[in-house]
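# Chain and residue survey
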Amino acid sequence: MASIDDFRFESHQLLLELDAATMGMMMLVSSKCISGPEWEAATKRQHDAYESWDNFINSPDDGRPH
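Keep in mind the model is a prediction, meaning the values are calculated, not measured.

### Observations concerning the overall build of the protein chain
Regarding its fold elements, the protein chain presents 2 helices and 0 strands. Within the protein chain, the fraction of its 66 residues that count as buried is 21%. Restricting the contact set of the protein chain to residue pairs at least 6 apart, pairs at least 24 apart contribute 71%.

Right under this line is the structure:
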């Protein structure tokens, strides 16, 4: 069983990465760089960050302390 502090810490870490990955994509969009290896790396990073967040929140025990 995780404590509320463990849950909050992990949530915060995952959300920081998701936010950074999304911001990185938006920076590429604003610079009109939406193809090529840099774009592919950015979309993979954002996808992986979202997937990690989704897996954490939707884990069998909801990732939340009981």
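The rest of the description comes next.
### Regarding the nonpolar core
Of all hydrophobic cores here, the largest spans 5 residues; its members are Met-25, Leu-28, Cys-33, Trp-39 and Ala-42. For this core, the elements supplying multiple residues, two or more each, are helix 1 (4–30) and helix 2 (37–57). Setting aside chain neighbours within four positions, we find Ala-42 in contact with Met-25 and Leu-28.

### Examining the pattern of salt bridges
Counting across every chain of the model gives 2 salt bridges. A salt bridge links Asp-48 to Lys-44; its shortest N-O distance comes to 2.5 Å. Taken together, the positions of Asp-48 and Lys-44, both in helix 2 and 4 residues apart, correspond to about one turn of that helix. A relative accessible area of 28% means that Asp-48 is categorised as partly exposed.

### Notes on unusual backbone geometry
For residues other than glycine, phi is negative in most cases, and the peptide bonds are mostly trans. In this structure, Lys-32 takes a positive phi of about 60° despite not being glycine. As for its position among the elements, Lys-32 is in the loop between helix 1 and helix 2.

### Observations concerning the packing of aromatic side chains
Working definition: an aromatic ring pair is given by the centre-to-centre distance plus the angle between the planes. The tally for this structure, following the rule as stated, stands at 2 aromatic pairs. For the pair Phe-7 and Phe-56, a centre-to-centre distance of 5.3 Å together with 20° between the ring planes defines the contact as stacked. Placement of the pair is Phe-7 in helix 1 and Phe-56 in helix 2, with a sequence separation of 49 residues. Residue Phe-7 shares its accessibility class with Phe-56, and that shared class is buried.

### Regarding a nonpolar patch on the surface
Side chains of Met-23, Met-26, Met-27, Val-29 and Ile-34 sit close together on the surface and give an oily, nonpolar patch of about 490 Å² of accessible area. Inspection of the secondary structure assignment puts Met-23 in helix 1.

### Let's talk about the side chain of Ser-59
Considering the arrangement of structural elements, one finds Ser-59 in the segment after helix 2. There is a polar contact of 3.3 Å between the side chain of Ser-59 and the backbone oxygen of Phe-56.

Rules and cut-offs
- Residues numbered from 1 in each chain as written.
- Predicted model: local features only at pLDDT ≥ 70, side-chain atom pairs only at ≥ 80, totals over all residues.
- Heavy atoms only, no water.
- Helix = DSSP H or I, 4+ residues; strand = E, 2+ residues; numbered from the N terminus.
- Buried < 20%, exposed > 50% of the residue type's maximum accessible area, 1.4 Å probe, protein only.
- Contact = heavy atoms within 4.5 Å.
- Core = buried A, V, L, I, M, F, W, Y, C linked by side-chain atoms within 4.5 Å.
- Salt bridge = Lys/Arg side-chain N within 4 Å of Asp/Glu carboxyl O.
- Phe/Tyr/Trp six-rings, centres within 6.5 Å; stacked < 30°, edge-to-face > 60°.
- Patch = residues over 30% accessible without salt bridge, like charges linked within 9 Å, V, L, I, M, F, W, Y side chains within 5 Å.
- Areas by Shrake-Rupley, 256 points an atom, 1.4 Å probe, with all protein chains shown as cover.
- Polar contact = N/O pair within 3.5 Å; in protein donor to acceptor, adjacent residues only side chain to side chain.

Interpretation note: all reported values are geometric properties and have no functional meaning in isolation.
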